[in-house]
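Residue strings, one per chain:
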Amino acid sequence: MRRAANAYDCAACGRSYPVLFGIADFRLRGDRYLTLEAEREKAGRLHAFAAGTDFAGLVRRYYEITDDITPRQAEGYVRALLDAPARAQAALVALEPATGIFLDAGCGSGGALVAAADRWNGLVGLDVALRWLVICAKRLEESGVEALLVCAEVEAAPFADHQFDAVLAADLLEHVRALTPALEGLADQLTPQGRLWLSAANSHWIGPHPSTGLWAAHARSAASRARKGSGGVDPLRHVLPLNASRVARAARGAGLDVVSTSAKRLNRAQIAGASGLARPAARLYAAASQTPGVSQALAAVGPMFEILARPAAGRPMGA
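When you go through the chain residue by residue, the secondary structure sums to 13 helices and eleven strands. Every one of the 319 residues in the chain was classed for burial, and the buried ones make up 50%. The contacts of the chain with a sequence gap of at least 6 include a subset with a gap of at least 24, amounting to 65%. Carbon and sulfur atoms provide 55% of the accessible area of the chain, an area that totals close to 14,800 Å².

Structure follows, in structure tokens:
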């Protein structure tokens, strides 16, 4: 791969990959929400708007120009994104001791990169959505954090294998096209002693979906009818239904050892951010998620789960 003025030229495949808004874009297709052309156009609009606003203003602008999100949903998403560095703390603790290079796969708005800045020696953010990397770049600029941002699919990341000592994949896997290739891509990124932390919403959970608030999120057709009936679009239309046992099996098949599986933990900021009757429930869940035995059981039926994994012993380099 050779860097030209505004692109990376690949001798192996004969393609040229553009650098847009200071971010290398190695995609051959858009995500499942926008075409590649439409996504780049939206990223350009956000980049232009970013010059005259702060990170919070840019996030709010994103939801103003995103027509499949209701104003109420947007308010909740904005609050969550502003609090993202605090919410990333529990995952980063699970990846310690912090050494070497850190990769946030599916970095979104960059909250975990900001939280990881004083822990690892180098930071890389990877995301399939250029629009979110534009937002991430604004956050990093405001926070004074340096990180390399790359736009690509996790199963086709443009990195040499075994470059990263810690890989975070928070709430990523339900948004990939296929589970096994994504996990194989994550496994390839790890050094032999590296660690992977991932989390996902649990399709066995019968309560509200953790990020959208839709009830019975696994009942895809019912959720779709409910949203479309109010004039909107089903926000779960491209979400892959996952559960802890399925992801653990796929991780082992990708050449990873599963160190632990548990209910996804909440930190104090997340509990404090809950409102009304949700706050006592959040406290109860937080206590259960930190109780040995109970946490593992809750991973099977609760709203979210987390898995810590590492390369299996004897996994061939490049496998």
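Interaxial distance between helix 2 (residues 55–64) and helix 7 (residues 130–143) falls to 9 Å at its minimum, and their mutual angle equals 165°. Classified by the angle between their axes, helix 2 and helix 7 sit roughly antiparallel to one another. Relative to helix 7, helix 2 is oriented so that their crossing is left-handed. For the pair helix 2 and helix 7, contact is made by Phe55, Leu58, Val59, Tyr62 and Tyr63 and by Arg131, Trp132, Val134, Ile135, Lys138, Arg139 and Glu142, respectively. For the contact of helix 2 with helix 7, the per-class residue count stands at eight nonpolar, no polar and four charged.

Across the sheet, which stays open at both edges, the eleven strands sit in the order 1-2-3-4-7-6-5-8-9-11-10 with mixed pairing between neighbours. Strands at the two margins of the open sheet, each flanked by one partner only, are strand 1 (2–3) and strand 10 (256–263). The strands touched by helix 7 are strand 3 (16–20), strand 4 (23–25), strand 6 (122–127) and strand 7 (148–151); relative to strand 7, the strand with the most contacts, the crossing angle is about 170°.

Glancing now at the nonpolar core. Leu173, Leu183, Leu186, Leu198 and Phe305 are the most contacted members of the largest nonpolar core, which totals 43 residues. When near neighbours in sequence (up to four residues on either side) are disregarded, Leu198 contacts Ala169, Leu173, Leu183, Val247, Phe305, Glu306 and Ile307. Val59, Ala88, Trp120 and Ala129 belong to the second-largest nonpolar core, a separate cluster that totals 42 residues.

This part covers empty space enclosed by the protein. Applying the stated criterion to the full structure yields two cavities of 30 Å³ or more. Estimated volume of the second largest cavity: approximately 40 Å³. Residue lining of the second largest cavity: Arg87, Ala90, Ala91, Trp197, Lys264, Arg265 and Glu306, and that is the complete set. Partitioned by chemical class, the residues of the lining of the second largest cavity number three nonpolar, no polar and four charged.

Summed over the entire model, instances satisfying the criterion amount to eight aromatic pairs. Look at Phe159 and Phe164: their rings are 5.3 Å apart centre to centre, the planes differ by 75°, and that puts the pair in the edge-to-face class. The class of Phe159 is buried, set by a relative accessible area of 16%. Phe164 sits in the buried class, given a relative accessible area of 4%. Put simply, the rings of Tyr62, Tyr63, Tyr77 and Trp132 pair up and form one aromatic cluster.

About the criteria used
Residues numbered from 1 in each chain as written. Predicted model: local features only at pLDDT ≥ 70, side-chain atom pairs only at ≥ 80, totals over all residues. Heavy atoms only, no water. Helix = DSSP H or I, 4+ residues; strand = E, 2+ residues; numbered from the N terminus. Buried < 20%, exposed > 50% of the residue type's maximum accessible area, 1.4 Å probe, protein only. Contact = heavy atoms within 4.5 Å. Areas by Shrake-Rupley, 256 points an atom, 1.4 Å probe, with all protein chains shown as cover. Axes fitted to C-alpha atoms, helices over the stretch in contact; angles between N-to-C directions. Parallel < 35°, antiparallel > 145°, perpendicular 65-115°, else oblique. Left-handed = near helix turned anticlockwise from the far one by under 90°. Nonpolar A, V, L, I, M, F, W, Y, C, P; charged D, E, K, R; others polar. Pairing = 2+ DSSP bridges. Core = buried A, V, L, I, M, F, W, Y, C linked by side-chain atoms within 4.5 Å. 1 Å grid on protein atoms, 1.4 Å probe; cavity = no way out; pocket = protein on both sides within 12 Å on 5 of 7 lines; lining within 4 Å. Points joined across faces, edges and corners; volume = space filled by probe spheres on them. Phe/Tyr/Trp six-rings, centres within 6.5 Å; stacked < 30°, edge-to-face > 60°.

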